[in-house]
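Examining the three-dimensional arrangement
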Amino acid sequence: MKISSKADRLVIKAKSRLIPILIIALAFLAFLFGGAFFVKKIVSNKIHNSPSITMLADKWKEYDYQAVYDISSILLEKKSFNNTILVYRGYAAFYLAVSATESQQAQFYIEESIHCLRLALAGAKKKTLGQIQYMLGKAYFYKDSISSYHYFADLAVEYLTKAQQSGYKADDIPEYLGLSYAQLNMTMESIAAFSEALLYRESDALLLSIAEQYSKAEQNSAAKQYLFQIIQRSNDDSLVIKSRILLGNILIKEGDYAGAQKEFEAILAKNENSADARYGMGLIYENQGDLVKARAEWRKTLRIQVNHSGALEKIQQYK
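Residues numbered from 1 in each chain as written. Predicted model: local features only at pLDDT ≥ 70, side-chain atom pairs only at ≥ 80, totals over all residues. Heavy atoms only, no water.

**Thoughts on the nonpolar core**
Ranked by size, the top nonpolar core spans 47 residues in total, and within it L56, I132, Y134, L136, Y140 and L177 carry the most contacts. Among the secondary structure elements, those contributing two or more residues to this core are helix 2 (53-61), helix 3 (65-78), helix 4 (83-99), helix 5 (103-122), helix 6 (126-146), helix 7 (153-165) and helix 8 (173-183). At 10 residues, helix 4 tops the list of elements feeding residues into this core. The contacts of L136, once residues within four sequence positions are left out, are I114, L117, R118, L121 and Y159. Listed in part, the 36 residues of the second largest apolar core include F194, L206, A223 and I231. (Core = buried A, V, L, I, M, F, W, Y, C linked by side-chain atoms within 4.5 Å. Buried < 20%, exposed > 50% of the residue type's maximum accessible area, 1.4 Å probe, protein only. Helix = DSSP H or I, 4+ residues; strand = E, 2+ residues; numbered from the N terminus. Contact = heavy atoms within 4.5 Å.)

**Quick word on the pattern of salt bridges**
Under the defined criterion, the tally for this structure stands at 12 salt bridges. The partner of E112 in a salt bridge is R89, and the shortest N-O contact between them spans 2.9 Å. Of this pair, E112 sits in helix 5 while R89 sits in helix 4, and the two are 23 residues apart along the sequence. Summarising the burial analysis for this pair, E112 and R89 share the class buried. Via salt bridges that share partners, E202, D204 and R233 belong to a single interconnected network. (Salt bridge = Lys/Arg side-chain N within 4 Å of Asp/Glu carboxyl O.)

**A closer look at the environment of I230**
Positionally, I230 belongs in helix 11 (residues 220-233). The exposure class assigned to I230 is buried, which follows from its relative accessible area of 0%. With 25 residues separating them in the primary sequence, I230 and A205 have C-alpha atoms 8.6 Å apart. Sequence-distant contacts of I230, that is, excluding residues within four places in its chain, are made with D204, L207, L208, L239, V240 and S243.

**Some thoughts on unusual backbone geometry**
Its identity is not glycine, yet Y63 carries a phi of approximately 60°, on the positive side. Phi is positive for N185, close to 60°, though the residue is something other than glycine. Relative to the assigned elements, N185 resides in the loop between helix 8 and helix 9 (187-200). Overall, N185 belongs to the exposed group, its relative accessible area being 59%.

**Examining the packing of helix 13 (residues 257-270) against helix 14 (residues 275-287)**
Running from amino to carboxyl end, helix 13 crosses helix 14 at an angle of 155°, the nearest separation of the two axes being 9 Å. In terms of axis orientation, helix 13 runs roughly antiparallel to helix 14. As for how helix 13 packs across helix 14, the hand of that crossing is left-handed. Contacts between helix 13 and helix 14 pair Y257, A260, Q261, F264, E265, I267 and L268 from the former with A277, R278, G280, M281, I284 and N287 from the latter. Residues that form the contact of helix 13 with helix 14 fall into these classes: 8 nonpolar, 3 polar and 2 charged. (Axes fitted to C-alpha atoms, helices over the stretch in contact; angles between N-to-C directions. Parallel < 35°, antiparallel > 145°, perpendicular 65-115°, else oblique. Left-handed = near helix turned anticlockwise from the far one by under 90°. Nonpolar A, V, L, I, M, F, W, Y, C, P; charged D, E, K, R; others polar.)

Structure, rendered in structure tokens:
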């Protein structure tokens, strides 16, 4: 009985020691698993939050162009000529330029856009070549539009044309080409591009651009057809006024002074301080031989717009 009792005590004692060991072991395992999970989470968060091309793509999908631009700055410090990063940065800089409220800021971003896209173009693959050329052409077009001197329209034409030759398609290419050709005084090329643009999107502004080019080419009948359309249907008062001014000047060239006067008077009925309409009325009186009334209209023009080149020239001519 004593032996049995002693054996029981040993078993109980062993069990009493085993329980704390098991608790300590379980606690240690829990610590290991918890630590591993914590480390994994830290590493995962670090990877997720670290600048990467994947993050660039995500921010681009969110239209967060400033974030794309900022992230690309960090990435380019290590990968200066990575084509994908350069493309994202070039595109983001373009849209930041377009949305900029200050001229100096717009100039900065558009210069950066062109710089990055030109670098990206050097290493572009065939499937992305046309799109990069397209964006570079648009960047040069925008640079031309915000510059004091229009020296970049030819580059806009060059890269937009190359984009087309590379097989890239975008509905706005013909309109950009038309506007760029107009800046280069390539009138017939501009008309052809604008006419193609009409197949994709017809707008009153586009019709006016075509009419202006036909007028420059002295194809007045074609110009008048577009101007009549705008005047009859447009709800944009500024476009209607520009159309009436151009139509009035065409009618003066054709000797239809009554028709021209009707257009200018229609403008003055809504805005008696239209400098161009007053100048046009002066031209009508000049062609009718009434220089007294003509000079009076040109003086009114200069009171409205002191630097009106046409009125200044006429006043100087008839001193």
